[in-house]
Amino acid sequence: MFLRLTDSQTPSALRHVLLAIVLIVGCGGLPSRAQEVVDYQRQIKPIFAARCYACHGALKQNAKLRLDTAALAIQGGKHGQAIKPGDPVGSALLTRIIATDELDRMPPEGEPLKPAEIAAIRAWISQGAKGPAGEKPERDPQDHWAFKAPVRSAIPKVASAAWSKNPIDAFIAAEHAQRKLTPVPQTDRRLWLRRVSIDLIGLPPTREEMDTFVADQSDDAYDKVVSRLLGSPQYGERWGRHWMDIWRYSDWWGLGAEVRNSQKHIWHWRDWIVESLNADKPYDQMLREMLAADELYPNDMDRLRAGGFLARQYFKFNRTTWLDGAVEHTAKAMLGLTFNCAKCHDHKYDPISHVDYYQLRAFFEPYQVRTDVVDGELDPEKNGIPRGFDSNLKAETYLHLRGDDRNPDKSRAIAAAMPSFLSRETMQIVPVDLPVEAHQPGLRSFVIDTHLKLAEQRVTQAEQALAQAKKTLIEAERVAILAAQAKAKAELEMPKQAAAQATVDAVKKEAKTLLRDDFSVAKPDVWEMRGGNWAYAKGKLSQSQSGATRTAIRYKHAPPTDFEAKLKYIPTGGDMWKSIGIAFDVTEQGHMVTAYLSAYAGGPKSQITYKNNGADVYPPEAAQGRKVDLNKSYEITLRVRGTLMNVLIDGEQSLAYRLPIERKNGHLEISTFDAMAQLVAFELSELAEDVVLSDAASPTAKAKDGPLSVEEAKLMVALAQKALAVATLQSPSIKARAAAQRAQYQQPVPENLNALVAEAVRSERIAAAAQAEENAARAELELAKAVPAKRADAQKKFDASKVALEKSQQAIAAPGGTFTPLVGSLKMFESNLESEASRRAPFPTTSTGRRTALAAWITDVKNPLTARVAVNHIWSRHMGQPLVATVFDFGRKGALPTHPQLLDWLAVELIEQGWSMKHLHRLIVTSQTYRLSSSNLDAAPATRQADPDNHYYWRANPVRMEAQVVRDSLLLLAGELDLTQGGPSIPASSETSRRRSIYFVHSHNEHQKFLSMFDDANVLDCYRRTQSIVPQQALALANSALATSMAQKIAQRLTAANAALSDSDFSRAAFVTVLCAEPNDTEMHAMIQAMAKLSESARLNKRPDPLLHARTSLVHALLNHNDFITIR
Amino acid sequence: MPHPINPNYQSSPRGIHRRQFLSDVGMGFGGLALGAMLAQDGIVRADAPLLWQPPDGLPHFAPKAKSVIWLFMNGGVSQAESFDPKPELTKYAGKSISDTPHKDVQNPDKLKLARVTVINDANGQQRNKLYPLQVGFRKYGQSGIEMSDWVPHIGSCADDMAVIRSMYTTDDNHGAQTQFHSGRHMLDGEYPTLGAWVHYGLGSINDNLPQFISMGNREYWNAKDGHYLGPAHDAIPIRVDPKNPLDYGKSASGLTEDEQRIGFDLVGKLNSLKATEYPGDPALTARIKAYELAFRMQTSVPQTLNLSAESKGTHEMYGLDDPATRDFGMQMLAARRFVERGVRFIQVQHGAGGAGAWDAHGGLKENHTKNFKAVDKPIAGLLKDLKQRGLLDSTLVIFASEFGRTPGTQGSDGRDHHIYGFSVWMAGGGVQGGIVHGATDEIGFHAVENRHYVTDIHATILHQLGLDSRRLEVPGRKRLDIDHGKAIAEILT
């Protein structure tokens, strides 16, 4: 909760003010009788300040009247005296505040003053309207501290040597001396290490790091730690998350599949943040790139990722809502100003006018969002860099009367400009001529290369498909011959019925069967149970544990690479997903491919899934919705040849899929996920060579699963040949179109432009004709395969394809003049009204330069706010509280800095050190102030009394871990954390992922459940995290699979390190590992006692490994300790 | 050296207040968000005296109701075919409104109320051709309130109900669900919902159960309630399933209660020992308490949901014996059991799918027949059961949906969204029974008498709970007058 009292306080709030004052002062209150003496300072001035100053004070002097001193009020304005001392009835002020006509009544906005307030004012006037002698009016708003440039003050002289090494300490110590505060001693070395590790990289130290640091008695032991941490790639992730809070990072959200807010692939911006921080990219440079990389570095793909800041603001349904977000949060995050308060009227506290708001909006007015193609992927749905760019160069900005977007004041367009109180020089806005690749991104060399590479891949695939088709033809011919022979033989030897069977048998080669199991008896030499609750009963094998975890039985031998596996089973229950399947290539590194059938009520289906870089991928093309009932028998047949997979359900073709990842040598398992099941039978064989697998990528993907006739096989070959021809024509066409497209934008116009265009057009027509031939060949095949009932339809399609072919061939002769340019970027819909055609219009060749100018102004070293606001954010995240409490409001209504000279010194230091954030971190965490204990225990009573809330840093502030740190720390201590960096966001539902929490999908609609328990960032607005303490958090740490399984891993690790540990040794080791502190005797005693009880209860409950069970429980308890989740 | 900017600076005494608050009030489930308070430290101007404190958990004036059961029908209930029957619709069925004596309802001035937030929305249009009533209606109870034949059971409680027939809202898309709960449309941004305000304003009455509960699907409206009040004030989603009633409600590793008890005891013990090293650390104290509560909740929530403890007669009363009414009946019965145990605010959403099951753009008759069948008996069961147990006086029950439905037809047999006039009813909790408040015009188009915006419902509820919404306001989060609404004094006892 922060201060944003930018609109006038409501009377009710005022009532609180008065009430609170009464409470504090503990006397009097509002006069119940007129003769009680009214205290102007306590009772009257706060009313005027809250309700009147905005228009009658330093900011504005409507009717030339000021009410910010008693004397000025008496003096009056344009309409004469506002107050006549001793004469309330004759005082215009009183008349106006009690007026019943709303047009006359003051204040004009909000509720009227309360009767008690009016009574107090009346009494005060009666008593002579006295103010204190020498009462000073409000200061000129321009004099507000934050609107003047920071000045580096002299570093205070401090007597203590320990407190004078670091300038931060000198400022802090000076304040201690001034306020007679005595700082507490330094914290324990281990706790400092934990504090600084979590602060800088978001992870607690390992035991090794602890031991190394504790043993290191050298002078620079602390510095070494700081250098290590600042050099760690995890630093960028830790601080990246902080800045993502402030800059409102959010993955896209909307309704269903429709993007309404933010953008797909916005994670590129997240990666840019992380990488920029790791590289210590200057803060000002980061701001410039976020606001205007498209103008400053139009072809630098790495920097263009910063444009995610603009893309994040996207909102499909209302442009004003969209730009309001951009204006409000640019101002709050970068400038610490509440510009948003001036959307409907002049700002009540800061010199920001209603017009100023729209002047700021004008910087953003032309921008829209587009997604630029990245190397290797042309489909913006799959990947691409979302970013802002100036699209509508002529878009005008109008002031919205009273902030109502239906009511724009079209009498004058508003130009981009900053408010005059902050911009003493005229801002230079220079339009930018964009290089051709920026507005024709299809011409970026890597885009052309990607087109060509994909074309080559297509050729290769077409060649393979052709080879496959030829093989199929040979096979079909062979089968036909065999069948003919067998038939002839059978007709001689046996009756007709048997002949058919013999034909089939003759064709079917015997593939080697490796396993047949009907699960009637346990086969411990074949199967290893992994997790779950597997039991042999009634001649079957059952798995009876539900809940969202994976369980499996693993085939103990190496499976063949190409195989056929058949699983017959009965699904019997599960909480939700009810998935059962066959997994292969299962490795300890987490690689795995699974084909399964899910009885999930929300969408039962067959599905192929695989794990890539720890993330589970569920390709939509490898899923087939189908009815799956509980307590019914199913048979899954999985055929795998290389990367090609076919799944049959109950003998019927269901899925054909080619894995996009490499195969690995791994285990074969029958697995369940949140499913109870009875296994009925399983069969594993090598895949016979003559089994024809359908290929998802082949032109015959939909081919039926059975022998083809020779005629069909011949048509397939013909089709594959045509497809290869089409593929072969792609590259020349791409090259020709690229050349022509480039020439069209070249200056001066190249002489051969027309020839280039003609060639581009011709190449495209030729390719189109080849495509028409392929289509015709496909239609012919379909016709051949069609069952009699569908034949007429197929014939019609075939005829149509012939007509289309003829047309396309004619088009080669008369090609026209237009060709399809290469596309390298797709604009997002401006609104729900934009058409597909208009979003594909060419981009403007220039940009307005407005955002470059805005960025230059924000990052100008003379800007008084930018560095201060940044310093305050950084300080706050190290020290547990900011120097300016209102982190996004440095205006007149905001809080004053507790240490103004320190704030300014740090701001100037940041600027002069090239805006290096790492420099600032180092300065802060190597300070004496940062090393203080967070305990009150040794604090002087006078100090505690004088500054109970530690505004002056006489001790450290304990802070609760942010959500991400809680989860990441659990994983780290268990040795499970996957430190892979970057890439697409991981689905929020992926509870088994071991990646850092920053990589989860995080949007308004989707949250990782565990994280959301611990006050995860609100994507709409999160300048500071909340630190709630609620029982749900206790439940999450006590009961979640994450916490309990990590507790077990930690216990196992500690045991593995030394199996012969006594309870006492184990308890100590666990305590130090989890809490980074030595237990004292009473804590040891408590743990040893608990260990005894836990061991006893584990035995009573017949836990398989009672000692490990007890140890796990002990570790689990420590993970629930206050000082685990607290950064001391 | 004086403070360089503010010579009058003195440290505020709020730290003492905060600590005192912690130890005095204790923490309801999800109740006291220490973090919110710590963060609120930030709002204190260095130069200002103590201006503001978070609520102390006590009502601002004597309350009439202790608990609220908020029944919300997702999608929009047709007012004409439920609680505000309009025979004129049948009389002029098939006629364009402009061809009837009621053509003035489409006077553009009167339609200005609608705010267009979603351009080009296919729904939320005025439908001109009047659609006849799809169901009969009659007078119920001694009070003789007219209601449709789809609500015979609810109708039998007419003498306990105050029907407000003059509601209006401003947004005719389903974002109005959020509007009904927070006073602001979904596209306006995030604001705390009514339940969150209640939770924020009042302390706990039962330390073993969550104080703010949500059952059933939320369709269009945001799943989070607390917003700037903090996630501690979000409703806790509850499933009426004693085996798995809430997130993280049972040990994922299958620990027995005894085993857990040893662990929790150890945590408590170690935390208490830490408190000697860190005396006066409010977070530590709060966390010790949070763990105690969490442990108790693990058993108290499933216990409350153990509906088999209820008699057969009770089961029948709520329709648990009929598959058509069973699901909602279970939620209603659970709601009563929560109320009995002192839970403050229970919201039950009915109608999953799309923008809510009640969203009858087509096939209204079939749709509403089915939906009313599902809720009518359970809701009546709840009212009667509360009454017979003497709980109705202290429990305020509200029935609402985001808007009503058009007098005109959409397609051949549906009604579109309608914002200009619709109905809400309340019962119990100090609300008069057997009364109708406000009215729409003769075709149920505009609320014409005693008009009420959705936040007036909030104000009424808060009033009955003894809360003044203006006294709950958080500095820096100014609310508009319309957000506060005005209590509907005429329906109160």
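Predicted model, so just to flag it, every value in this text is computed and none were measured.

Caption draft 1: Geometry of helix α7 (residues 189-201) of chain A. Residue and element names in this part refer to chain A. Between its first and last C-alpha, α7 extends 18 Å over 13 residues, near the 18 Å set by a 1.5 Å rise per residue. Extensive coverage of α7 is indicated by the burial of twelve of its 13 residues. Among the residues making up α7, those that are buried are R190, L191, W192, L193, R194, R195, V196, S197, I198, D199, L200 and I201. Where α7 starts, the residue carrying a side-chain oxygen 2.8 Å from the main-chain nitrogen of R190 turns out to be D188. In the stretch just after α7, G202 is the one whose phi turns positive, near 75°.

Caption draft 2: Spatial organisation of the side chain of A:T397. Residues and elements named next belong to chain A. Mapped onto the elements, T397 comes out in the loop between β4 (385-390) and β5 (399-400). Within the local environment of T397, its side chain forms a polar contact with the side chain of E365, the two groups lying 2.6 Å apart. T397 has contacts with Y358, R361, A362, E365, R412, A413 and I414, leaving out every residue within four places of it along the chain.

Caption draft 3: Structural detail: the nonpolar core. By size, the foremost hydrophobic cluster in this structure holds 244 residues, and its most contacted members are A:W247, A:F364 and B:W425. Take this core: its biggest share by element is nine residues, from helix α12 (residues 364-388) of chain B. Those residues in contact with A:W247 that sit more than four places away from it in its chain are A:W269, A:I273, A:Y283, A:M286, A:L287, A:M290, A:F309 and A:A333. In terms of nonpolar packing, the next biggest core, distinct from the first, is built from 55 residues, B:V105, B:A162, B:M426 and B:V431 among them.

Caption draft 4: Local environment of the pairing of strand β16 (residues 605-612) of chain A. Residue and element names in this part refer to chain A. With six of its eight residues buried, β16 lies for the most part within the structure. Note: strand β15 (residues 593-598) against β16, six bridges, orientation antiparallel. The partner of Y596 across the bridge, within β16, is Q607. In this structure, β16 lies alongside strand β18 (residues 623-625), joined through three bridges in antiparallel fashion. Residue pairing across strands places Q607 opposite A623, the latter belonging to β18. By the bridge criterion, three bridges tie β16 to strand β17 (residues 615-617) in an arrangement that is antiparallel.

What counts and what doesn't
- Residues numbered from 1 in each chain as written.
- Chains lettered and ligands numbered in written order.
- Predicted model: local features only at pLDDT ≥ 70, side-chain atom pairs only at ≥ 80, totals over all residues.
- Heavy atoms only, no water.
- Helix = DSSP H or I, 4+ residues; strand = E, 2+ residues; numbered from the N terminus.
- Expected span 1.5 Å × (residues − 1).
- Buried < 20%, exposed > 50% of the residue type's maximum accessible area, 1.4 Å probe, protein only.
- Polar contact = N/O pair within 3.5 Å; in protein donor to acceptor, adjacent residues only side chain to side chain.
- Contact = heavy atoms within 4.5 Å.
- Core = buried A, V, L, I, M, F, W, Y, C linked by side-chain atoms within 4.5 Å.
- Pairing = 2+ DSSP bridges.

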